[in-house]
Amino acid sequence: MTELKKTPPVLKLEDVAVAYKVRGGEIEAVQHVSFEINRGETLGIVGESGCGKSTLAWAVLNFLGNNGYVKRGSIKFQGQELVGVTGENLRRLRGDQIAMVYQDPMQALNPSMRLGDQMSEVLTVHRGMKKTEAEQRCMEMLDRVYMPDAANVMKRYPHQISGGQQQRVVIAMALLNDPALLIMDEPTTALDVTVEAAVLDLIADLRREFDTAIMYITHNLGVVARVSTRVAVMYAGELVERATVEEIYKNPRHPYTQGLIRCVPKLGADKARSVLYPIRGRVPPPNNRPVGCVFSPRCAFIQERCRDQRPQLRQLPDGSWVRCHFAEKIDPSSWTPYDEIKTPENLQRDLAGEPILEVKDLKKYYEVRGSSLKDVIGLGEKRYVKAVENASFQLTRGTTLGVVGESGCGKSTLIKTIIGLEDTTSGEAHFLGFDITNSIKDRDRSLIQELQMVFQNPDSTMNPSYTVGQQISRPMQHFKTVPKDQIRAEVIKLLDAMRLGANYYNRLPRQLSGGEKQRVGIARALASHPDLVLCDEPVSALDVSVQAAILNLLLEIQQEYNTTLVFIAHDLSVVRFFSDQVAVMYLGQVMEIGPAEDIYAPPYHPYSEALLSAVPIPDPTVKQKYIRLEGSVPSAINPPDGCRFHTRCPRRNLLPDGGKICETEIPPWREISAEHRIFCHLPIEILRDFAPVVTQSTEEI
Amino acid sequence: MAVKTILQPISQPSRLQKMWQSTSIIFESRVATVGMAMVLFWVILAFLSLFWTPYDPNASDFLQNQGPSVQNWLGTDHLGRDILSRLMQGTQVILLKTRLPGDGGISIPGGVAIWGVIGSLSLGAILGLNAGYRGGWWDQVIMQVLDALIAFPQIVLYLVVIAALGQGDLVVILAITITGAPGVARLARSLAMDIKTRDYIRAAETRGESVWYIMFWEILPNARGPLLVDGMLRVGYAIFAIGTLGFLGIGLPPPDPDWGNMVNEARRNIFSNQLAVIWPALAISTLVIGLNLFADGLREEMTRYQK
Amino acid sequence: MARFIIRSIISTIVTMFLVSAALFFLIEVGSGDITVKILGVFSTPEQRASYRAQLGLDASAWQRYVDWLFGNDWRAERKVGYPLVTAVNPQTGEADWWADVDGELTRWQLDEGILMTLIRHEDGSATSHLSSGAWKTNTAGSEYFWGVDTKNNAVMWVRGEGAEVWALTKAGLRKEGDGPKQYIPLRKGLLRGDPGISLQYGRPVAVTLIARIRNTLVLAGVAFAIIMPLALFVGILAGINEGKPLDRIISITSLGFTATPEFVTGIFLILIFGIWLKVLPAVAIFTSADAIFQDPKLLALPVLTLTAVELGYVARMTRASMVEVMDSAYIRTAIIKGMPKSRVVFRHAIRNALMAPITIIMLHVNWLIGGLVVVEVIFGYPGLGYYIYKSAIFGDFNAVEAAAMVTVAIAIITRLLGDLAYTLLNPRIRYS
Amino acid sequence: MLVKDYMTRHPIMVTPETPASKAQRLMIENQIRHLPVVGSGKRLQGLITRERLRVPPTDLGSLNIWEISRLLSDLQAKDVMIKRIDLVTIAPDISLEHAAHIMIQNKVGCLPVVEDEIVVGIISEVDMLAELFELLGGNVAGVRVTIRVPDQIGEFAKITSAIAAKNWGIYASGGVPAPKMPGFWDVVVKVREVPRDDLVAVLKSISGHKVIDVRECTD
């Protein structure tokens with residue numbers, strides 16, 4: 001039907017360049033970008049950090065700050081030029097015809113205004129609607145975005161509702177005036193995977209219902225595959241490829257797009273059978289881009305022409321657009337890994353070996369203070385956040401335990417307890433036979449040395465005041481593992497192992513990229529030759545191409561030093577790829593634990609099933625079963641009785657009388673095999689009967 | 001191999017270049033440059049006065065309450081002393097020397113304002129780091145004590161300290177230290193609370209480093225910038241306070257001229273000789289404003305640099 | 001929110017105690033021999049010792065702190081054996097101490113070794129009787145008596161051992177016989193509104209202090225009423241025009257004013273308005289404590305001086321906060337929502353932008369008090385600040401302690417108010 | 001089949017102050033024939049059609065060339081638009097045939113779709129025709145048969161059950177009273193993936209029905 005009526009595009013960019021004035025010149029953050037978005041269409045814009053995708057969004061809204069401006073090209077909205085529109089005309093467009101949803105809803109909402117007021121002003125200002133009428137509309141819109149208890153939410157302040165709900169409010173607010181164009185800048189990045197899935201469903205629904213054109217910006221290839229109709233790939237400020245979503249994943253034309261797809265582990269892929277190939281090199285800074293093709297320094301198919309001639313975005317016979325001289329000639333299957341990528345081999349681990357870490361019924365409670373008068377003077381009843389409840393597992397030397405779960409599930413507390421940053425409330429934990437339920441202050445230095453940690457955020461993992469060399473050598477001095485005069489040599493050896501090289505010794509953190517900082521963080525953790533390294537989301541803050549390199553590095557190290565790893569992540573594909581054994585946590589409770597391949601196929605715990613159903617997969621041909629959890633994660637101060645998951649469990653009604661037992665009784669551990677256990681009331685037979693969540697669609701599209 | 005070619009060594013800047021880089025930030029900001037010029041003017045005068053002043057600052061060699069002339073560029077005061085010489089000499093005790101008590105007349109380098117600020121920075125940093133990093137009871141107790149100190153109106157605290165301990169350079173230093181420390185401590189505390197959430201602090205903790213190592217080797221170097229800028233501002237406050245104390249007649253003791261005291265004395269002859277009031281008043285405000293502009297510009301430039 | 005408020009109040013109380021102790025011991029321990037100042041440098045050590053005893057300074061510091069804070073009549077009562085009460089002396093208008101002996105207000109006097117009883121009548125006059133059978137015997141066998149003397153002390157006389165004491169009279173020091181062995185100078189204590197006697201003036205501190213506080217409150221109140229709206233306005237104006245010429249002008253001017261000490265500003269204002277323009281009196285002479293109510297023009301220069309210094313500070317704080325808020329993501333949201341600039345500023349920004357300055361402004365009240373001291377000294381304004389200054393110079397610790405406690409109390413209470421205002425403005429605290 | 005499903009959402013719109021020349025350019029560039037004029041908050045104020053942009057020659061006769069160009073450049077959307085009071089509009093919840101009726105009655109080619117005076121879309125003849133096209137399955141391959149049937153209850157069911165009995169699927173169908181033949185209806189059915197002759201044979205076998213037109217269409 002829509003193809004029948006030819007309608008003009010809602011948004012049309014032609015050869016747009018956006019520049020920022022800085023001291024001593026200007027930087028073109030975005031160059032040569034052209035695309036259009038039609039009604040009811042979602043254009044996904046993907047790219048790694050710093051590729052200019054957010055700048056593009058701000059350019060459309062004409063909100064580039066004092067020093068930014070559209071240097072060249074035209075941005076046409078509904079046929080009318082947007083560049084140069086200012087003042088009242090611009091104000092009337094914003095919020096009425098063009099709306100935006102941002103990454104962090106908590107930041108985007110005014111903390112001191114009621115949500116109802118923030119929403120209804122969109123209507124009262126733009127449409128001159130009466131306040132009561134506007135509020136009525138807002139409530140209808142909140143219902144439409146499936147917000148429970150809309151009337152109540154209107155009276156609340158942003159901090160009183162959860163992140164997922166905040167994002168719903170922001171989306172509802174954006175849609176109030178039925179905008180022709182909706183710009184979404186990483187709207188789900190700050191959300192947990194199950195919440196993200198629900199928001200993505202919502203976006204798809206709304207696009208159909210409102211016939212809105214959506215410009216969807218994200219770095220996540222899985223999310224793009226789920227929401228977009230067409231995809232534009234950006235690299236270093238340029239648009240390098242543009243095609244339908246099926247085409248992009250099935251038949252990527254640009255070497256960069258191909259590289260990106262090779263970087264991310266497919267859900268179900270594991271380290272023994274597949275390899276991740278990072279893209280070599282790094283993104284050039286905007287003031288130092290190559291003369292020729294921007295991707296040429298990192299391209300495997302580079303030719304002489306690429307070095308000095310900048311390719312134009314051109315259309316291929318199959319309809320997709322690509323910025324590459326040799327798009328037709330490149331055959332992705334002829335691609336061979338670079339020499340420097342060692343493909344780690346022989347990665348199958350035996351889980352039955354010597355246990356290095358044994359944890360039994362580990363509990364960690366935090367005391368919380370109430371706010372009543374009694375609590376303030378210390379007479380109130382003591383209440384606890386039950387951050388970790390009865391965690392038990394064993395870890396064999398040289399293997400990896402992956403821990404997955406959404407934020408607040410207790411996975412970080414678990415490793416903090418193991419490493420001793422927090423003491424244990426009760427339970428047993430033995431590492432190499434030593435008791436480690438105490439805090440780090442009470443541990444022997446030689447024990448501390450064997451337990452080290454790799455952190456999440458590359459920007460804060462290194463102390464900005466010291467050089468790389470100083471930071472890596474500190475553990476060696478502290479633990480006296482290396483004689484003083486050999487420290488430097490030892491550090492350089494480690495740097496080489498991290499593929500950084502000796503010339504990094506004197507560099508300060510601010511001279512390093514995110515991936516390099518993370519490598520230094522790993523080197524520092526390894527400097528004392530620990531037996532067990534705890535990795536707290538070591539790759540989640542990195543771009544996908546760098547992420548692959550770090551994962552490969554960790555695998556290599558593990559093999560070389562026979563290190564044992566505990567690996568925390570929220571990305572299920574990464575955990576699956578990386579781990580030998582996986583534990584799924586929910587609200588402080590381990591729900592399922594077992595060999596990685598078993599977790600990702602039935603039988604599984606209903607929560608694991610829901611997680612798998614929610615995870616965005618970077619392949620539009622993959623079909624996922626539709627399971628969405630209702631409500632939000634309950635408070636850990638008063639976790640639900642019985643099974644902690646019972647308030648949201650979609651599988652409860654498979655039990656007689658709707659799973660009454662789940663509300664009252666703590667579930668048993670169902671032993672599927674020696675290593676695989678599921679914490680659920682459902683009998684094994686029923687668990688086994690679950691259909692797989694993820695299926696590869698065999699039908700060619 | 002390909003990796004190696006991309007990782008071209010970044011040439012290490014020499015120490016001199018590094019120093020220039022860190023000072024060049026001053027000239028990025030016009031405000032900071034103007035401020036620095038004003039401060040430098042007085043610093044140069046102070047050093048000059050060590051070797052030369054037009055006349056003996058304490059000698060009543062001239063007619064009283066004269067206006068500017070070729071002889072006395074800025075005129076003379078009510079006792080017939082040369083105002084310029086007194087102004088120049090007055091910089092020393094603020095910026096360059098501290099007179100120790102006793103008859104020997106021994107001075108140590110570093111002015112009263114400088115030592116006072118160093119005192120409040122050190123005391124404040126120690127308290128603030130402990131409160132911020134350790135948290136819990138340490139924080140409660142330290143902040144409670146600091147709150148009590150902050151609750152004192154500063155001038156009342158000065159009055160009380162001086163009423164209790166009498167006049168003298170060291171007493172003024174102590175008073176500046178005590179009044180300044182709570183502010184520094186609050187700043188250090190908030191910086192420590194921010195920095196302690198960083199992963200590199202976690203890394204140090206998982207290495208089993210001692211609390212003092214973490215506070216002074218991991219946190220302090222990263223809190224240095226804001227603390228130094230705050231210190232710069234505090235030198236301004238200190239000069240401000242010294243002037244006020246001098247004006248109230250309880251500041252730095254003679255024989256060295258004190259700007260605040262000069263204003264106070266000249267005030268009595270304000271109907272006959274207004275210039276004698278204006279010169280020292282201008283001196284104080286230009287120096288304080290200069291320091292403020294300098295610190296302000298620097299801070300602005302630093303936050304911009306971080307962005 | 002309850003939690004936050006309760007914590008603030010508890011913290012305030014604790015702070016007050018800490019401050020009172022710090023103040024007391026700093027002055028008590030630090031200050032030298034106050035009797036030198038009162039009796040003059042030519043007084044003999046013997047005279048000073050006698051006078052110190054009369055002032056109760058021979059007691060331990062802890063004892064005196066407790067006396068100062070809570071009073072010592074309850075302590076003296078146990079020695080005297082009768083309830084101690086105060087009654088207003090119709091001649092001086094000040095309260096005198098009496099012992100309530102079975103309903104009769106009584107004092108004692110040792111006259112030539114004979115103990116006399118003074119009974120107070122309704123009109124304030126007293127009649128003297130011979131006291132009989134009052135002496136008690138202690139373990140050592142000497143006879144003694146605890147009573148209230150005519151100088152508002154609880155004292156202990158020992159029979160036959162009338163001590164020689166040096167009494168300070170209008171005419172100077174006079175040696176008197178029949179003196180008591182021990183003194184407890186009676187006082188109700190600070191918490192009950194009696195900060196003691198001014199050593200400089202010999203009158204109760206409370207009496208003089210009240211007029212001074214009133215004058216200062218008038219000065220500070222007028223200044224505050226001018227500064228706050230003006231400074232917030234100017235600060236917000238500069239904040240929303242960040243980086244533009246208007247902002248530059250406001251910022252630099254306010255920096256200039258803030259960085260100029262009060263006495264310099266004050267002197268310049270006197271020069272400009274009093275000497276060159278001659279529109280206001282250059283030297284205001286405050287003939288009495290009530291002068292400001294008779295001639296409000298006298299307030300002009302002090303208020304102007306205070307305004308100049310404080311205005312800049314508050315304006316700069318407000319500006320900084322406004323700039324930060326205007327840069328925040330939610331203001332961006334409001335602009336992207338197509339809200340008009342005025343609505344963005346008034347509905348979205350101001351409330352958040354005022355949160356930080358309000359706490360800081362309230363913290364800054366003690367700075368304002370500091371400014372008050374200097375301003376009052378410059379203009380000879382009969383307020384609290386001038387009083388503190390005079391007392392501190394003299395070393396009149398009763399007066400300094402009392403006046404300083406008043407300033408501290410003002411500072412702490414305003415800070416508490418600031419905390420409350422912050423709570424009301426910030427829903428994140430209000431609803432937690 | 002309601003207006004809201006077939007209208008064009010988010011039509012290109014202009015403000016009353018937009019120069020007429022710009023409005024004209026917009027219409028030509030984007031190949032549209034109707035341009036709603038809206039005030040703040042997309043409140044409908046008028047409609048510009050291509051005809052409205054033609055200045056009547058009688059108005060020009062008395063003007064010289066300079067005056068004409070000035071007249072044209074000064075002209076704003078609000079000067080050339082059909083005013084709100086002269087406009088026929090429609091709500092989104094109206095059935096499509098009702099909309100068609102309104103358009104026929106008022107002889108207009110386009111209706112702005114408004115909700116509380118706010119423009120939510122626009123529906124034109126083309127949208128109507130698109131619906132017809134869809135209704136009769138214009139975009140799929142198959143055999144299109146027209147059958148003339150008596151105007152009685154149950155006749156249509158005979159056709160569908162005959163086709164269903166063969167396990168074929170009707171992709172589209174429609175019926176109108178046969179032109180100038182009272183008592184008869186013309187029914188059109190489109191059946192996919194079926195041999196033409198088999199289908200015709202089946203349909204012919206129904207008594208009282210007459211196949212009057214058969215054609216096979218490809219994509």
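Keep in mind the model is a prediction, meaning the values are calculated, not measured.

It is worth spelling out the domain arrangement of chain D at this point. Domain parsing of chain D yields domain 1 (3–124) and domain 2 (136–217). On a C-alpha basis, the centroid separation for the pair domain 1 of chain D and domain 2 of chain D is 42 Å.

Ranking by contact count across 4 pairs of chains in contact places chains B and C at the top. In this assembly chain B lies apart from chain D, the nearest approach of their C-alpha atoms being 38 Å. The closest approach of any C-alpha atom in chain C to one in chain D is 11 Å; the two make no contact.

This next bit is on the domain arrangement of chain C. Taken domain by domain, chain C comprises domain 1 (71–192) and domain 2 (206–425). Domain 1 of chain C and domain 2 of chain C are separated by 49 Å when their C-alpha centres are compared.

This part takes up empty space enclosed by the protein. Considering all chains together, one arrives at 18 cavities of 30 Å³ or more under this definition. By volume, the largest cavity amounts to about 100 Å³. For the lining of the largest cavity, the elements supplying multiple residues, two or more each, are strand S6 (98–101) and helix H7 (163–175) of chain A together with helix H11 (329–336) of chain C. Take the lining of the largest cavity: its biggest share by element is 3 residues, from H7(A). Residue classes in the lining of the largest cavity are distributed as 8 nonpolar, 2 polar and 1 charged.

For the structure on display, the rule yields 56 salt bridges over all chains. The salt bridge involving C:Arg343 is made with A:Glu121; its shortest N-O contact spans 2.8 Å. Of this pair, C:Arg343 sits in helix H12 (residues 341–363) while A:Glu121 sits in helix H4 (residues 115–127), on two different chains. The exposure class of A:Glu121 is buried, given its relative accessible area of 0%. Here A:Arg137 ties to D:Asp116 by a salt bridge, and the two come within 2.8 Å at their closest N and O atoms. Of this pair, A:Arg137 sits in helix H5 (residues 131–144) while D:Asp116 sits in the loop between strand S5 (110–115) and strand S6 (118–124), placing the two residues on different chains. With a relative accessible area of 47%, D:Asp116 lands in the partly exposed category. Residues participating in the shared-partner salt-bridge network are A:Glu26, A:Glu28, A:Lys71 and A:Arg72.

Take the sheet that holds strand S4 (residues 82–83) of chain D next. Residue and element names in this part refer to chain D. Pairing is antiparallel in the open sheet, where 3 strands are placed in the order S2-S3-S4. One side of each edge strand has no neighbouring strand; the edge strands of this open sheet are strand S2 (34–38) and S4. Bridge analysis of S2 against strand S3 (residues 44–49) gives 5 bridges, and the strand direction is antiparallel. When the bridges of S3 are listed, His34 appears paired with Thr49.

In this section: the pairing of strand S9 (residues 184–191) of chain D. Put simply, side chains in a regular strand alternate between the two faces of the sheet. Residues and elements named next belong to chain D. Of all the 8 residues making up S9, 6 are buried; the element is thus mostly covered by neighbouring parts of the structure. Pairing geometry for strand S7 (residues 142–150) and S9, over 8 bridges, is antiparallel. Note that in S9 the partner of Ile147 across the bridge is Val187. In this sheet, S9 lies alongside strand S8 (residues 170–177) in antiparallel orientation, the contact comprising 7 bridges. Counted as the bridge partner of Pro177 is Trp185 from S9. Between S8 and S9, which follow one another and run antiparallel, lie 6 residues, and Lys180 among them has a positive phi close to 55 degrees.

Turning next to the sheet that holds S5(D). All names here are of chain D. Read across the open sheet, the 3 strands follow the order S1-S6-S5; overall the sheet is antiparallel. With partners counted over all chains shown, the strands left at the sheet margins are strand S1 (8–9) and S5, one partner each. One ladder, built from 2 bridges, connects S1 with S6; its direction is antiparallel. Bridge pairing in S6 links Thr8 to Ile122.

With that settled, the discussion passes to the pairing of strand S3 (residues 104–111) of chain C. Residues and elements named next belong to chain C. In this structure, strand S2 (residues 95–101) lies alongside S3, joined through 3 bridges in antiparallel fashion. Paired with Val101 across the two strands is Glu104, which belongs to S3. Where S2 hands over to S3, the hairpin turn is made up of 2 residues, of which Asp102 adopts a positive phi near 50 degrees. Of the pairings in the sheet, the one linking S3 to strand S4 (residues 114–120) comprises 6 bridges and is antiparallel in character. Directly across from Arg107, in S4, lies its bridge partner Leu118. Remark: 2 residues form the turn of the hairpin made by S3 and S4, two consecutive strands paired antiparallel; Glu112 in that turn has positive phi of roughly 55 degrees.

A contiguous nonpolar surface patch, about 550 Å² in accessible area, is contributed by B:Trp137, B:Val141, B:Val145, C:Ile10, C:Val14 and C:Leu18. Contributions of two or more residues to the nonpolar patch are made by helix H6 (136–151) of chain B together with helix H1 (2–30) of chain C. Inspection of the secondary structure puts C:Ile10 in helix H1. The exposure class assigned to C:Ile10 is partly exposed, which follows from its relative accessible area of 38%.

If you look at the interface, chain A gives 35 residues, while chain B gives 28 residues. The contact between chain A and chain B buries some 2700 Å² in all, and 54% of this surface belongs to carbon and sulfur atoms. On the chain A side of the interface with chain B, the three residues burying the most area are A:Arg23, A:Phe455 and A:Arg474, jointly 19% of the side's total. The interface formed by chain A and chain B includes 1 salt bridge. Summed over the shared surface of chain A and chain B, the result is 12 residue pairs in polar contact (both at pLDDT 80 or more). It is helix H17 (residues 468–479) of chain A that contributes the most residues to the side of chain A that touches chain B, 4 residues altogether. Of the residues in the side of chain A that touches chain B, the class split is 15 nonpolar, 11 polar and 9 charged.

What counts and what doesn't
- Residues numbered from 1 in each chain as written.
- Chains lettered and ligands numbered in written order.
- Predicted model: local features only at pLDDT ≥ 70, side-chain atom pairs only at ≥ 80, totals over all residues.
- Heavy atoms only, no water.
- Domains from an automatic or database assignment.
- Contact = heavy atoms within 4.5 Å.
- 1 Å grid on protein atoms, 1.4 Å probe; cavity = no way out; pocket = protein on both sides within 12 Å on 5 of 7 lines; lining within 4 Å.
- Points joined across faces, edges and corners; volume = space filled by probe spheres on them.
- Helix = DSSP H or I, 4+ residues; strand = E, 2+ residues; numbered from the N terminus.
- Nonpolar A, V, L, I, M, F, W, Y, C, P; charged D, E, K, R; others polar.
- Salt bridge = Lys/Arg side-chain N within 4 Å of Asp/Glu carboxyl O.
- Buried < 20%, exposed > 50% of the residue type's maximum accessible area, 1.4 Å probe, protein only.
- Pairing = 2+ DSSP bridges.
- Patch = residues over 30% accessible without salt bridge, like charges linked within 9 Å, V, L, I, M, F, W, Y side chains within 5 Å.
- Areas by Shrake-Rupley, 256 points an atom, 1.4 Å probe, with all protein chains shown as cover.
- Buried area = accessible area lost by both parts, 1.4 Å probe.
- Polar contact = N/O pair within 3.5 Å; in protein donor to acceptor, adjacent residues only side chain to side chain.

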